[in-house]
Number of protein chains: 2
Amino acid sequence: MQDRHHVVVVGGGFGGLQLVKGLAGAPVRITLIDRRNHHLFQPLLYQVATTLIATSEIAWPIRSLWRDRPEVTTLLGEVSDVDEAGKAVVLRDGKRIGYDTLVLATGATHAYFGHDEWEPFAPGLKTLEDATTIRRRVLLAFERAELEEDPDLRAALLTFTVIGAGPTGVELAGIIAEMAHRTLPDEFRRIDTRQARVILVEAGPRILAAFSEDLSAYAVKELERLGVEVRTGTPVTSCTEEGVVIGDQFVGSRTLVWAAGVQASPAARWLDIPADRAGRAIVGADLTAPGHADVFVIGDTAAVTYDGGKPVPGIAPAAKQQGAYVADVIRARLSGDKPPGDFRYRHQGSLATIGRRAAIIDFGRFKLKGALAWWIWGIAHIYFLIGTRSRFAVAWSWFWTYLSGQHSARLITQKETLKEKG
Amino acid sequence: MQDRHHVVVVGGGFGGLQLVKGLAGAPVRITLIDRRNHHLFQPLLYQVATTLIATSEIAWPIRSLWRDRPEVTTLLGEVSDVDEAGKAVVLRDGKRIGYDTLVLATGATHAYFGHDEWEPFAPGLKTLEDATTIRRRVLLAFERAELEEDPDLRAALLTFTVIGAGPTGVELAGIIAEMAHRTLPDEFRRIDTRQARVILVEAGPRILAAFSEDLSAYAVKELERLGVEVRTGTPVTSCTEEGVVIGDQFVGSRTLVWAAGVQASPAARWLDIPADRAGRAIVGADLTAPGHADVFVIGDTAAVTYDGGKPVPGIAPAAKQQGAYVADVIRARLSGDKPPGDFRYRHQGSLATIGRRAAIIDFGRFKLKGALAWWIWGIAHIYFLIGTRSRFAVAWSWFWTYLSGQHSARLITQKETLKEKG
């Protein structure tokens, strides 16, 4: 085993896992390194943040996926650099792991467009900890409002602002509004949670810009029906503990959530190759790093285009297609077969939900909205979860919410509890 | 409603909830104060710590339990004192909440017998955060061992010590041993997790002292079958980052768990009344605080005896009986009916599990051990969970583990990840 071609994969997201799957049976040994012990099904992370499902329902220990693949070694470690000359990745504690072929699939994190000082007030949503932080803040805001006697402060505690109206922002705003209007009203005695304001702010001209204009207009109508105020064409110019400035108007809002921008992980910097504005490594048509034929970059940390120049979106299906493609390239190189042609992204469509009963689907030619779209969205997401256990658990949580209106995981956990009292 | 008799309950554990339930329909208004937003089903907390079930499966938002009881107000707040003269509880932020009748049901926390400096190395198990801390440390120990090349350090990383052999200690040790021997072996490539040592240390002469001697002997045999080393009659004399001193022998062990002692919450101090050695308020035969007829103390924070002097154990059924009893006393006082006699604890029995297939049950006359006892234990615990959702979710997690040998919630979350590298 030790003398086999050694593929090192950094990152156990959708791209990294698909690559390892694609190499099943190939004459390689694989080392998969991630700084977390779990793969995260990010498309449903917003449901953890909004108390619908539990953390463990969308996260799986990466190493448990390869119990039947003795050639795959999983390591918990944080890569801090790549030594291309020495053909090794360097871990933060100085350990080096040599490779024959390297695949960087290290993803992206949220970006504040030069305003990192906003992060403490407007957390983003990329990890399980981000999700439990947002969950805690949303729930604590209602708790504090119940105790608060100053009406202005109470109003600010009951104002929730979501910044950025892509699918994640829309999904978060919709569920928070539903919580305030449908789940919580009977449980508070001093406040009326239906008075809560949920504001969705988008700097661009319309929400869900990846969808067609009519679907985007439908989404606005559905959000407004749920009680969300949608503000487009106005950027957020400041985030503080007290609230948010939208354009030039200050809005008292104690709970802010950031869903506006992403920044690639530093893979391009490790390799010292050019990157685009969002930090994504600009790769060749076969997804190799320029000048490094044995280094591939895939997923959210790679800048790839399709259909004559459109950027490949940072979504799970794109990362999976790239992982599968690179597995084919590595196989062809090892067997001496003709390599596959350039990577070609096939866009399968865009999906987004608005609250618990409506969704929009844009497959280009085929478009759908409403309850049927929601069912298709739900079934597709359950199908893509890993393993029977999670499929069953998420389906049960949803079914339970559907029947009872109650959420499964309304927990305030970790510190901060009451500390930063309004 | 505002002119009704005001019952303030501090603590949403088993005792506090049972009291609120018992007052349904009584001519009172109730304010229930807890510093957490959730009620926790502590008897299964060890299963969260050992990755078998998810946090949200055993925790419910307290306020959601009273949605149909408009006379019950739930507040998230931390009580820091009682003003008996002014008949008010004082919250940490200075807010005061007046009462006509006060019930303190504030529980207990773990105690280190004057060695609080051990806590960072040997966390106890009382809250959800404690459980995720232990879960993280156990999982990280295996991860670090996989990366470690020094054999001594690797052995210390693979040595787990549980201090205290009551039901919680026995349950933790059993599941950790099962993980090492049955769940994890196929997932690691450099270490053999079956080499892991799990040591259960008890200062007293035998484990599970609340059970009969033959059941306790059976538990030792079952634990040893799972691979646990049981050491009785030797106290732990030191806990450090490197390991533990058992008697006068140092054992390198990077993961320690404290299950040895409890300390009552400071209710007795707030009331300025006598307490026993564990800090529990010594209450009257009707569970009132001496000299305060309108203040009751119940559950783990009260020292109560039965059968001519035996201490009532700190278990859920005891707290529930006390909550129900105090509700009866309050009802009788308000209606002018004859008050119930002194509180009498009825001990229903003791249960403990050893691993995933064996348990012991001691109902005094009726004793049971083995697989059937495990099924009874399981059904009883599912029955006592609150609500259909949780019953179903826990049953599913167990069923899944039973079928697949896999655990549902093997997540390393929160900071500390890799920081304190061995």
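Source: prediction; values computed, not measured. Position numbers for residues start from 1 in each chain and track the written sequence from start to end. Chains and ligands are labelled sequentially in the order written, the chains with letters from A and the ligands with numbers from 1. Confidence filtering applies because this is a predicted model: local features only for residues at pLDDT of at least 70, side-chain atom pairs given and counted only at 80 or more, and all residues used for totals across whole chains, interfaces and linings. Hydrogen atoms and water are omitted, and side-chain values are computed over all heavy atoms in the structure.

1. What about the overall build of chain A?
Point 1. Only DSSP runs of H or I covering at least 4 residues are called helices, and only runs of E covering at least 2 are called strands; the numbering of each starts at the N terminus. A count of helices and strands for chain A gives 10 helices and 27 strands.
Point 2. Radius of gyration: C-alpha atoms only; globule rule: 2.2 Å multiplied by the number of residues to the exponent 0.38. The C-alpha atoms of chain A give 22 Å as radius of gyration, which agrees with the globular expectation for 422 residues (22 Å, within 12%).
Point 3. Projecting the C-alpha coordinates of chain A onto the three principal axes gives extents of approximately 70 × 50 × 45 Å.
Point 4. Relative accessibility decides the category of a residue: with a 1.4 Å probe and only protein chains considered, values under 20% of the type maximum give buried, values over 50% give exposed, and everything between is partly exposed. Sorting the 422 residues of chain A into buried and exposed places 58% on the buried side.
Point 5. For chain A, long-range pairs separated by at least 24 residues make up 63% of all intrachain contacts whose partners lie at least 6 apart in sequence.
Point 6. Only the protein chains shown count as covering a residue, and every accessible area follows the Shrake-Rupley method with a 1.4 Å probe. Of the roughly 16,800 Å² of accessible surface on chain A, a fraction of 52% belongs to carbon and sulfur atoms.
Point 7. Positive charges are assigned to Lys and Arg, negative charges to Asp and Glu, while His and the chain termini are left out of the count. Every charge is mapped to an atom, namely NZ of Lys, CZ of Arg, CG of Asp or CD of Glu. The centroid of the 49 positive side-chain charges in chain A is displaced by 5 Å from the centroid of its 48 negative side-chain charges. Throughout, a residue-residue contact means that at least one pair of heavy atoms, one from each residue, lies within 4.5 Å.

2. Some remarks on the interface of chain A and chain B
Point 1. With 55 residues of chain A at the interface, the matching set in chain B holds 55 residues.
Point 2. Throughout, buried area stands for the accessible area (probe radius 1.4 Å) lost by two parts on being put together, summed over both. At the boundary of chain A with chain B, total buried surface from both sides reaches about 5,200 Å², with 55% on carbon and sulfur atoms.
Point 3. When a carboxyl oxygen of Asp or Glu is within 4 Å of a side-chain nitrogen of Lys or Arg, the pair counts as a salt bridge. In this structure, the connection of chain A to chain B is made through 6 salt bridges.
Point 4. Measuring nitrogen to oxygen at the nearest pair gives 2.6 Å for the salt bridge that ties glutamate 187 of chain B to arginine 67 of chain A.
Point 5. Counted as a polar contact is a pair of N or O atoms within 3.5 Å, where, for protein atoms, one must be capable of donating a hydrogen and the other of accepting one, and residues adjacent in sequence contribute only when both atoms are in side chains. Taken together, the links from chain A to chain B amount to 22 residue pairs in polar contact (both at pLDDT 80 or more).
Point 6. When residues of the side of chain A that touches chain B are traced back to their parent elements, those giving at least two are strand E4 (59-61), strand E5 (72-76), helix H3 (128-147) and helix H10 (387-404) of chain A.

3. Comments concerning unusual backbone geometry
All names here are of chain B.
Point 1. Despite not being glycine, phenylalanine 113 has its phi angle at roughly 50°, a positive value.
Point 2. With respect to the helices and strands, the residue phenylalanine 113 is situated in the loop between strand E10 (108-110) and helix H3 (128-147).
Point 3. Look at phenylalanine 113 and you get exposed, because its relative accessible area is 57%.
Point 4. A positive phi is found at aspartate 272, a non-glycine position, where the angle reads about 60°.
Point 5. Its location among the elements puts aspartate 272 in the loop between helix H7 (267-271) and strand E19 (281-282).

4. A look at the sheet that holds strand E25 (residues 350-354) of chain B
All names here are of chain B.
Point 1. Strand order in the open sheet made by the 3 strands is E25-E26-E27, with antiparallel pairing throughout. Only two strands of the sheet have a single neighbouring strand rather than two, namely E25 and strand E27 (366-370). Shown here is a sheet whose adjacent strand axes are inclined to one another by a mean of 10°, direction ignored.
Point 2. Two strands are said to pair when DSSP picks up at least two bridges between them. Of the strand pairs in this sheet, strand E26 (residues 358-363) and E27 are connected by 5 bridges, and their pairing is antiparallel. Looking across to E27, one finds that phenylalanine 363 is bridged to phenylalanine 366.
Point 3. Along the sheet face, helix H6 (residues 213-226) touches E25, E26 and E27 and points at about 170° away from the line of E26.
Point 4. Only the stretch in contact is used when fitting a helix axis, every axis being a line fitted to C-alpha atoms; angles between N-to-C directions are given from 0 to 180 degrees. Set on the sheet, helix H9 (residues 371-384) makes contact with E25, E26 and E27; between it and E27 the angle comes to about 105°.

5. Structural notes on helix H9 (residues 371-384) of chain A
All names here are of chain A.
Point 1. The span expected for a helix works out to 1.5 Å for each residue beyond the first. The end-to-end C-alpha distance of H9 is 20 Å, a good match for the 20 Å that 14 residues give at a rise of 1.5 Å each.
Point 2. Buried within H9 are the following residues: Ala373, Trp374, Trp377, Gly378, His381 and Ile382. An end-on view of H9 places all buried positions within 165° of arc, on one side of the element. Facing away from the buried side of H9 by more than 90 degrees, the exposed set consists of Leu372, Ile379 and Tyr383.
Point 3. Those residues of H9 that are buried lie in contact with helix H2 (45-49), helix H5 (167-183), strand E25 (350-354), strand E26 (358-363), strand E27 (366-370) and H10. For this quantity, the arc is that covered by the directions from the helix axis to the C-beta atoms.

6. As for the environment of glycine 16 of chain B
Residues and elements named next belong to chain B.
Point 1. Along the polypeptide, glycine 16 turns up in helix H1 (residues 14-22).
Point 2. The spacing of glycine 16 and aspartate 34 is 18 residues in sequence and 9.7 Å in space, taken between C-alpha atoms.
Point 3. Once residues within four sequence positions are removed from consideration, glycine 16 is found in contact with Val9, Gly11, Ala105 and Ile298.

7. Description of the sheet that holds strand E12 (residues 197-202) of chain A
All names here are of chain A.
Point 1. Read from one edge of the open sheet, 4 strands run E13-E12-E11-E17, paired in parallel fashion. Of all the strands in the sheet, just strand E13 (228-232) and strand E17 (255-258) have a single pairing partner and so form its edges. Mean inter-strand twist for the sheet, computed between neighbouring axes without regard to direction, equals 15°.
Point 2. Pairing between strand E11 (residues 159-163) and E17: 4 bridges, direction parallel. Counterpart to isoleucine 163 in the pairing with E17 is tryptophan 258.

8. Points about the confidence of the model for chain A
Point 1. Each residue carries a pLDDT score, the predictor's own confidence in it, on a scale running from 0 to 100. With 98% of its residues at a pLDDT of 70 or more, chain A has an overall mean of 93.
Point 2. Under a pLDDT of 50 for its full length, residues 416-422 of chain A has, in the predicted model, 23 contacts with residues more than four places off or in other chains.

9. Structural notes on the side chain of threonine 50 of chain A
All names here are of chain A.
Point 1. On the secondary structure map, threonine 50 appears in the loop between H2 and E4.
Point 2. At 2.7 Å, the side chain of threonine 50 forms a polar contact with the backbone oxygen of tyrosine 46.
Point 3. The contact partners of threonine 50, leaving out residues within four places of it in the chain, are Leu172, Ile175, Ile176, Met179 and His407.

10. Looking at the UniProt feature "domain: FAD/NAD(P)-binding" (unreviewed entry) in chain A
Point 1. UniProt positions are given in the numbering used here, feature names are shortened, and annotations may be inferred rather than shown by experiment. Mapped onto this numbering, the UniProt entry gives "domain: FAD/NAD(P)-binding" (unreviewed entry) at residues 6-323 of chain A.
Point 2. Secondary structure over residues 6-323 of chain A splits into 27% helix and 29% strand, and the C-alpha atoms at its two ends are 17 Å apart.

11. Brief notes about the relation of the copies chain A and chain B
Point 1. Fitting of the copies onto one another was done by least squares over C-alpha atoms, counting residues only where both copies have pLDDT of at least 70. It takes a turn of 180° to lay chain A on chain B, together with a shift of 0.0 Å along the axis; the resulting RMSD is 0.0 Å. In short, the pair behaves as if placed about a two-fold rotation axis.
Point 2. Interface overlap between copies: 100% of the residues of chain A at the interface are likewise at the interface in chain B, consistent with a symmetric, same-surface contact.

12. What about the pattern of salt bridges?
All names here are of chain A.
Point 1. Applying the stated rule across the entire model yields 38 salt bridges over all chains.
Point 2. Ionic pairing is found between glutamate 229 and arginine 197, a salt bridge with its closest N-O pair at 2.8 Å. You can see glutamate 229 sitting in strand E13 and its partner arginine 197 sitting in strand E12, a full 32 residues away along the chain.
Point 3. The partner of glutamate 229 in a salt bridge is arginine 231, with the nearest N and O atoms 3.8 Å apart.

13. Looking at the pairing of strand E2 (residues 28-34) of chain B
Residues in a regular strand point their side chains to alternate faces of the sheet.
Residues and elements named next belong to chain B.
Point 1. Among the 7 residues in E2, 7 count as buried, and that is most of the element.
Point 2. Residues Val28, Ile30, Leu32 and Asp34 point to one face of E2 and Arg29, Thr31 and Ile33 to the other, with burial holding for every one of them.
Point 3. In terms of handedness, the path from strand E1 (residues 5-10) via H1 over to E2 forms a crossover that is right-handed.
Point 4. With 5 bridges joining them, E2 and strand E5 (residues 72-76) adopt parallel strand pairing. Of the residues in E5, the one forming a bridge with isoleucine 33 is leucine 75. A right-handed crossover is one whose linking path, passing over the helix from the first strand to the second, runs clockwise when the strands point away from the viewer.

14. Observations regarding the environment of aspartate 342 of chain A
Residue and element names in this part refer to chain A.
Point 1. The topology assignment puts aspartate 342 in the loop between helix H8 (316-335) and E25.
Point 2. Placed 257 residues apart in sequence, aspartate 342 and alanine 85 show a C-alpha to C-alpha distance of 26 Å.
Point 3. Aspartate 342 has contacts with Ala285 and Tyr325, leaving out every residue within four places of it along the chain.

15. Details of the pairing of strand E1 (residues 5-10) of chain A
Residues and elements named next belong to chain A.
Point 1. In terms of burial, E1 is largely enclosed, as 5 of its 6 residues are buried.
Point 2. Bridging between E1 and strand E2 (residues 28-34) involves 6 bridges; their strand directions are parallel. Bridging from a neighbouring strand, histidine 6 pairs with arginine 29 of E2.
Point 3. Note: E1 against strand E9 (residues 101-104), 4 bridges, orientation parallel. Bridge pairing in E9 places valine 8 opposite leucine 102.

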